[in-house]
Amino acid sequence: MTIRVYNTLSRSKEEFVPRDPGAVAMYVCGPTVYNHIHIGNARTFLTFDVIRRYLTFAGYDVRFVQNVTDVDDKIIARAAEEGREPAEVAADYTLAFRQAMHALNVERPTVSPKATETIPGMIAMTERLIERGHAYVVDGDVYFAVRSFPEYGKLSGRNIDDLESGARVDVDARKQDPLDFALWKAAKPGEPHWTSPWGEGRPGWHLECSVMSEQELGLPFDIHGGGSDLVFPHHENEIAQSEAATGTQFAHYWLHGGMLQINSEKMSKSLGNFTLLKDVLAAYPAPVLRLLMLQTHYRSPLDFSPDRLDDATRSYERLVTPLRNLEWAKRNRAAGALSEATQLAIAALEAAPGTARQAFTESMDDDFNTAGALAALFDLVRVLNTFLEQHGIGDNARYASRLDEAAATLTELLGVLGVGVSSPVSAAEYPVDVLPMARDLAGYEGSDVRAAVDALLAARVAARTERNWAAADAVRDGLARLGFTIEDTASGARVVFHGRG
RNA sequence: GGCGACGUAGCCAAGUGGCAAGGCAGAGGCCUGCAAAGCCUUUAUCCCCGGUUCGAAUCCGGGCGUCGCCUCCA
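Residues numbered from 1 in each chain as written. Chains lettered and ligands numbered in written order. Predicted model: local features only at pLDDT ≥ 70, side-chain atom pairs only at ≥ 80, totals over all residues. Heavy atoms only, no water.

Draft legend 1. Fine view of the overall build of chain A. The helix and strand tally for chain A stands at 16 helices and 15 strands. Overall size of chain A, expressed as C-alpha extent along the three principal axes, is 90 × 55 × 35 Å. Looking at chain A residue by residue over its 501 residues, the buried ones come to 50%. Considering only contacts within chain A whose residues lie at least 6 apart along the sequence, 73% involve residues at least 24 apart. When the accessible surface of chain A is split by element, carbon and sulfur atoms take 50% of a total near 22200 Å². Of the charged side chains in chain A, 50 are positive and 68 negative, and the gap between their average positions amounts to 4 Å. (Helix = DSSP H or I, 4+ residues; strand = E, 2+ residues; numbered from the N terminus. Buried < 20%, exposed > 50% of the residue type's maximum accessible area, 1.4 Å probe, protein only. Contact = heavy atoms within 4.5 Å. Areas by Shrake-Rupley, 256 points an atom, 1.4 Å probe, with all protein chains shown as cover. Lys, Arg positive; Asp, Glu negative; His and termini not counted. Charge placed at Lys NZ, Arg CZ, Asp CG, Glu CD.)

Draft legend 2. Main features of empty space enclosed by the protein. Going through the model one piece at a time under the given rule, you end up with three cavities of 30 Å³ or more. Looking at the largest cavity, the residues that line it are Arg43, Leu46, Thr47, Val50, Ile51, Met293, Leu294, Thr296, Tyr298, Phe368 and Thr370. Mapped by element, the contributors of at least two residues to the lining of the largest cavity are α1 (39-57) and α9 (286-294). Tallied by class, residues from the lining of the largest cavity come to seven nonpolar, three polar and one charged. A volume near 40 Å³ is recorded for the second largest cavity. In terms of lining residues, the second largest cavity is bounded by Asn35, His36, Ile37, Tyr93, Ala96, Phe97, Ala100 and Lys278. With four residues, helix α3 (residues 86-103) is the single largest residue contributor to the lining of the second largest cavity. In terms of residue class, the lining of the second largest cavity is built from five nonpolar, two polar and one charged. (1 Å grid on protein atoms, 1.4 Å probe; cavity = no way out; pocket = protein on both sides within 12 Å on 5 of 7 lines; lining within 4 Å. Points joined across faces, edges and corners; volume = space filled by probe spheres on them. Nonpolar A, V, L, I, M, F, W, Y, C, P; charged D, E, K, R; others polar.)

Draft legend 3. Spatial organisation of the sheet that holds strand β11 (residues 260-262). Judged by pairing direction, the sheet is mixed, and its three strands sit side by side in the order β12-β11-β13 without closing on themselves. In this open sheet, the two strands that pair with only one neighbour each are β12 (265-266) and β13 (302-303). Bridge count between β11 and β12: two bridges; the pairing is antiparallel. The residue of β12 that forms the bridge with Ile262 is Glu265. (Pairing = 2+ DSSP bridges.)

Draft legend 4. Representation of the domain arrangement of chain A within the structure. Examined at the domain level, chain A breaks down into domain 1 (4-283), domain 2 (320-416) and domain 3 (427-497). When each unit is reduced to the centre of its C-alpha atoms, the spacing between domain 1 and domain 2 is 43 Å. Listed as interface residues are eleven residues of domain 1 and, on the opposing side, 13 residues of domain 2. In total, domain 1 and domain 2 occlude about 1000 Å² of area from one another, counting both sides; carbon and sulfur atoms represent 63% of this. (Domains from an automatic or database assignment. Buried area = accessible area lost by both parts, 1.4 Å probe.)

Draft legend 5. Molecular detail of the sheet that holds strand β3 (residues 23-28). Across the sheet, which stays open at both edges, the four strands sit in the order β4-β3-β9-β10 with parallel pairing between neighbours. Looking at strand neighbours, the two that pair on one side only are β4 (61-66) and β10 (251-257), the edges of this open sheet. The average undirected angle you get between the axes of adjacent strands in this sheet is 20°. The pairing of β3 with strand β9 (residues 221-227) spans three bridges and is parallel. Bridge pairing in β9 links Val28 to Gly225. (Axes fitted to C-alpha atoms, helices over the stretch in contact; angles between N-to-C directions.)

Draft legend 6. Representation of the packing of α9 against helix α10 (residues 306-331) in the model. With their axes 8 Å apart at the nearest point, α9 and α10 run at an angle of 105° to one another. The angle between α9 and α10 falls in the class roughly perpendicular. Residues Pro287, Val288, Leu289, Leu291 and Leu292 of α9 pack against Arg308, Leu309, Ala312, Thr313, Ser315, Tyr316 and Leu319 of α10. Here the contact of α9 with α10 is built from residues that sort into nine nonpolar, two polar and one charged. (Parallel < 35°, antiparallel > 145°, perpendicular 65-115°, else oblique.)

Draft legend 7. A look at the pairing of strand β15 (residues 492-497). Bridge count between strand β14 (residues 484-489) and β15: six bridges; the pairing is antiparallel. Within the sheet, the bridge partner assigned to Thr489 lies in β15 and is Gly492.

Draft legend 8. Representation of the pattern of salt bridges. Tallied over the full model, the rule gives 35 salt bridges. Across the pair Arg19 and Asp20 runs a salt bridge whose closest N-O atoms are separated by 3.4 Å. Between Arg84 and Asp92 there is a salt bridge, and its shortest N-O distance comes to 2.8 Å. Look at the salt bridges and you will find they share partners, linking Asp49, Arg52, Arg53, Glu107 and Arg290 into a network. (Salt bridge = Lys/Arg side-chain N within 4 Å of Asp/Glu carboxyl O.)

Draft legend 9. Just the packing of aromatic side chains, in detail. Under the criterion given, the structure shown has 19 aromatic pairs. Ring geometry for Phe45 versus Phe97: centroids 5.4 Å apart, planes at 75°, classification edge-to-face. On the criterion of sequence distance, the pair formed by Phe45 in helix α1 and Phe97 in helix α3 is long-range, its members being 52 residues apart. Judged on exposure class, the residue Phe45 and its partner Phe97 are both buried. Among the aromatic residues, those joined into a cluster by ring pairs are Tyr54, Phe57, Tyr298, Phe360 and Phe368. Over the ring of Tyr6 we find Arg299, and its NZ or CZ is 4.0 Å from the ring centre. (Phe/Tyr/Trp six-rings, centres within 6.5 Å; stacked < 30°, edge-to-face > 60°. Lys NZ or Arg CZ within 6 Å of the ring centre and 35° of its normal.)

Shown next, in the form of structure tokens:
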């Protein structure tokens, strides 16, 4: 199997060949911890989580490095606003970031270095750059000289002269060239600072990624990822620093995720049109948000709206319902009157997992086409649903094992996308409001929510047997108000709790 | 102004030379007391105009429209 990836550096899809056979070294730019992350940030982290998971699924041993920028102008500004120490602000939002990533089911990086723990390496790289004539000192600041690196602009496809004609670069008379950027900044009073050969100061933003990736992965490493808004200047500057300092290629494959948009406009903190990840996850399960984002290719823009989250909720239901139906069918195996499956139906079921796996893999191999991969899973769902619809599970173990294989494949491949399918809500989380309802409608006097729901279902069965539709529907409507849906099956009624009424 | 993406059904979206995936919504049917879940059927002159080709959503040229980067930004 050959994986092809779109490389920003070459502007084309290339066959992915890692530096070391069987292993992948990847680096993804992490957050600057001055606020909670928004769902645009989350999209990028989700994208690279899926890429990492897929590479692992494909058999690679993935070393995944992601920095935390915990010293920066915005953190200092935020701390000043709140009358706190920058380190405190950074620590709080670092924790919040890790919690949010956990909630989104993003796997933890192999290593997650902090900028403040990488200061000696950054000073060393700055010294190397000065020695090699790529950087210069002015009043305690150190700047990288872009004109000293002839390949400057190769990632973003621009040249220094074009950039300068844009007239939006700041004019600082102390710089040799307006595009020169800070490797080291002299600290102003009250700012976090470290001792350096150029006086007390703090590192520039771009430097940490160059240093950490080299320290943790070695050069050149395989994959460098981030949002497409980091291509210029951040990633361009990383390349300039690292390659000027080492004379070695920095990273082989540059992968960039598309922007999340609101009303066709980029979501960003400066525009103020952002939604925080933690707020979305408070209202929708993580798999739903993941599914929404994975239905679009990672490099395309994705317009976000609550309506789309609702659509994704239904898509998610479609993916997990067959798993629920299969479990139900197994539990009630003896109860249902089940037809003998035809050879054709058995053949279809038998072929489905392999077909799905192949289609999934082919899509993912093609630059991580998650939308295509999901289509393969929906096709598998249809086969599973159709078989269960027409034949049930039967007592025949041949069906059971084939159904189990199909379900296991579905679960496994969803897992590669990080879309969890563990039973959404356990009975323990049923609302206590079912108790008074069960007392009124079913005469249930206990305090066990699960038993209360069972009693309500039994009362409804009794009412239906008597053709007392009003009583039966009172149970159904009452449960619906509490967030339960009743599903009548060939082997009895069951409830599905959605957690929201 | 420079550089770069994108425009496929009511909505979202995959597909980059050979009869247009998938999801959501809608319509009809099956099942149901009515529902829910599920199954079956059904919904596209691929932004416009030229060109290349036996054949174009796909390649080339020109329009129109939308977005991103060029400043902190995932």
